[in-house]
Amino acid sequence: MTRATLLENGLLVNGTGAAGQPGDLLLLGDRIVAVGPGLRHRLPDGLALADVQVCDCSGLVIAPGFIDVHTHDDAIVLNAPGMFPKLSQGITTVVTGNCGLSVAPFVVEEPQGALTLLGNSFKYPSVDAYAQAVAEAQPAVNVAPLIGHTTLRYACVGDLNRPATVDEVAAMCGLLEQCMAQGAIGLSSGLFYAEAMPAPAAEVTSLARVVARYGGIYATHMRSEMADILEAMHEAGDCAFEAGVPLVISHHKCAGPANWGRTRETLPLIDAMAKRQDIAMDVYPYVAGSTVLREDLVDGVIDVLLSWSTPHPEMMGRTLASIAEEWGVDQKAACRRLQPGGACYFQMHEDDVKRVISHPLSMIGSDGLPHDKHPHPRLWGAFPRVLARYWREQQLFSLETAIHKMTGLSARNFRLHQRGQLQVGWYADVVVLDPARVRDVATYQDPIAVSEGIEKVFVNGELAYVAGTADAANARGQARAGRLLKRGAA
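Residues numbered from 1 in each chain as written. Predicted model: local features only at pLDDT ≥ 70, side-chain atom pairs only at ≥ 80, totals over all residues. Heavy atoms only, no water.

**Q** For this particular structure, what's the right way to read the packing of helix α5 (residues 166-181) against helix α6 (residues 201-213)?
**A** A pair of packed helices can be characterised by two numbers: the angle between their axes and the separation between those axes. Orientation of α5 relative to α6, taken along the N-to-C sense of each, is 25°, at an axis distance of 9 Å. Relative to α6, the element α5 is oriented roughly parallel. Pair α5 / α6 crosses with right-handed handedness. Along its contact with α5, which presents Val169, Met172, Cys173, Leu176, Glu177 and Met180, the element α6 presents Glu203, Ser206, Leu207, Val210, Val211 and Arg213. (Axes fitted to C-alpha atoms, helices over the stretch in contact; angles between N-to-C directions. Helix = DSSP H or I, 4+ residues; strand = E, 2+ residues; numbered from the N terminus. Parallel < 35°, antiparallel > 145°, perpendicular 65-115°, else oblique. Left-handed = near helix turned anticlockwise from the far one by under 90°. Contact = heavy atoms within 4.5 Å.)

**Q** It is not clear to me how the side chain of His312 should be interpreted in this structure. Could you clarify?
**A** Looking at where His312 falls in the secondary structure, it is placed in the loop between β16 (304-309) and α9 (320-327). For His312, the side chain forms a polar contact with the side chain of Glu314, separated by 3.0 Å. If we ignore the near neighbours within four places in the chain, the residues touching His312 are Leu306, Trp327, Arg337 and Leu338. (Polar contact = N/O pair within 3.5 Å; in protein donor to acceptor, adjacent residues only side chain to side chain.)

**Q** Looking at this model, I keep getting lost on the environment of Ala288. Mind explaining?
**A** Relative to the assigned elements, Ala288 resides in the loop between β14 (279-283) and β15 (289-292). A relative accessible area of 0% means that Ala288 is categorised as buried. Sequence separation between Ala288 and Val94 is 194 residues, and the spatial gap between their C-alpha atoms is 21 Å. Every residue in contact with Ala288, bar those within four places of it in the chain, is listed here: Tyr345, Phe346, Gln347, Met348, His376, Arg378 and Tyr444. (Buried < 20%, exposed > 50% of the residue type's maximum accessible area, 1.4 Å probe, protein only.)

**Q** Explain unusual backbone geometry to me, please; I cannot follow it from the model alone.
**A** Among all residues save glycine, negative phi is the norm, and among peptide bonds the norm is trans. For the bond running from Ala104 to Pro105, omega is 5°, close enough to zero to count as cis. Relative to the assigned elements, Pro105 resides in the loop between β7 (91-96) and β8 (106-107). Omega for the peptide link from Gln339 to Pro340 comes to -5°, which places this bond in the cis form. For Gln395, which is not glycine, the phi dihedral falls at a positive 55°. Turning to its location among the elements, Gln395 is positioned in the loop between α12 (378-393) and α13 (399-406). Using a relative accessible area of 64% as the deciding quantity, one classes Gln395 as exposed. With phi around 60°, Arg415 is a residue other than glycine that occupies positive phi space.

Here you go:
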C-alpha cells in the first residue's frame with residue numbers, strides 16, 4: 001500500500017507568506033493530498049485511519065521543506081548522500097552550481113583554483129551523466145543544478161587569463177545549450193574569482209541568452225562586493241536584462257569596513273532594477289563570509305579565521321592574526337605561507353545583514369562549503385538561525401515571512417515546479433519545527449553542531465529526518481528520497 005502520513009494539530013504555515021492556520025496535512029505517496037482541519041475524519045476514499053501514520057504536531061509548525069538556494073553541494077550529495085548538515089536544518093532541496101562552479105559539464109582529475117571549493121569530483125561531461133550519478137547515490141535531499149560559467153570556461157577556453165574568443169564563446173554556448181536541454185535550471189557566474197574575472201560582460205550575456213531560450217535563470221556572484229559594488233550590480237542587471245533572463249544576485253553583501261552601510265545604496269538600486277526586470281537576491285544570516293584563502297582579502301583590519309590549509313593543517317580553526325603573531329610575520333605573509341587554504345572573513349556589518357535579510361526580494365541561502373575541515377557554521381545552522389535570531393529574537397519579520405523566504409519565494413525564483421508550498425497536489429517536502437525552540441547551535445569555534453527544534457523532515461513524502469537521530473543512513477526507518485529536479489519537470 002502507498003505510504004500515508006497525517007500531520008495533525010499543527011500550525012500550517014504554507015510558504016506563501018499568508019498567516020498560519022491551525023490544521024492538518026495529509027501526505028500520500030510523494031504528494032500532499034489534503035490540507036486543513038479535522039482530516040482524520042475526512043480521509044480520501046479507500047484510505048482507512050489504520051493505514052495512516054499519524055503524527056501529533058500540537059505546538060509545532062508544519063511548513064514546506066526549506067530550499068537552500070545557494071549551495072556548493074554538487075559533489076557532497078554524491079559522496080555523503082545522507083546530507084545530515086542540511087536535513088537537520090529542515091532543508092529538503094539544494095540548488096547547486098553556484099558562483100560559477102559546477103561539477104558538470106567538466107572532467108578533470110585534479111581541479112585547480114576555485115574549482116577546489118567543490119572537492120575533486122569532476123567526472124561528469126553532461127547534466128545527464130550527473131543526473132545518473134545523483135540517481136545512483138540517492139541523496140536525502142532534492143538537487144536542482146545550475147551550470148557554472150567558470151566550469152564552462154575550464155571546459156572550452158584555452159587561456160583563462162583572457163576573454164574567450166568568438167569560437168570559445170560559441171563552444172561554451174553549445175555546451176550550455178546541451179546542459180539546458182538536459183534539464184539544468186540555469187546559469188551561474190563567479191566573476192569575483194580569478195578564472196572568470198577576465199570575462200567581459202558580453203561573454204556572460206551570450207551565455208545568458210541561451211538560458212533565456214530555455215526559461216532558466218541567471219545567478220551571479222558579482223565582480224565586486226566592495227568598492228565597485230554599484231558598478232558590478234549594473235553590469236549584472238544589464239547582462240540579465242539584455243539576455244531576457246531573470247537575475248538572482250548571490251549572497252548580497254557590502255564587504256569590507258569601507259563599504260559598511262552601503263546597503264542604503266544597493267537595496268534602492270535593486271528596487272529600481274525590479275521595475276524593469278525580474279530580480280531577486282539571496283543572503284546568509286552571518287557577518288562572515290567564507291571562501292578560498294586569498295591575500296587580497298586580508299587587510300589587517302577584519303578578522304580572518306582559517307578553515308583549512310594544505311601545508312599547515314594544524315592551524316585550522318585559528319585566526320590569521322594569531323598565526324601571524326606566532327610566526328613573527330604580517331598577516332599577508334602568513335596567508336601566503338598557509339596557501340592553498342580556506343578562511344572565514346568577518347567582512348560584513350550586522351546592520352547591513354539585517355537590511356538585506358529584511359528586504360522583500362531576499363531569499364535564504366547557506367553558501368556553506370561542505371568540504372572544509374573547519375567549516376563556516378552556516379553549513380549546519382543558517383536556516384534555524386534566521387528563525388531564532390531574526391524572527392523570534394529581533395522580530396525583523398513575521399514567522400510567515402521568514403518561512404516564505406526559505407520556501408515559496410525560493411521555489412518561484414528558481415522555477416522549482418510544485419515545490420515550496422503546502423498545496424494539494426504538490427510534492428510532499430515538509431518540515432515540522434518547534435517555533436519556541438528552533439535555533440542554530442553551530443559556532444565559528446565549534447561549527448559542526450546539530451541545530452535544535454527541527455523535529456521531522458519529509459522529502460517527497462518519505463520521513464528523512466527525526467530530531468535526535470544519529471547521522472546514519474536510514475536511522476529509525478528514515479529514507480533517502482531526494483531527486484534531481486530538472487527545469488520545468490513535474
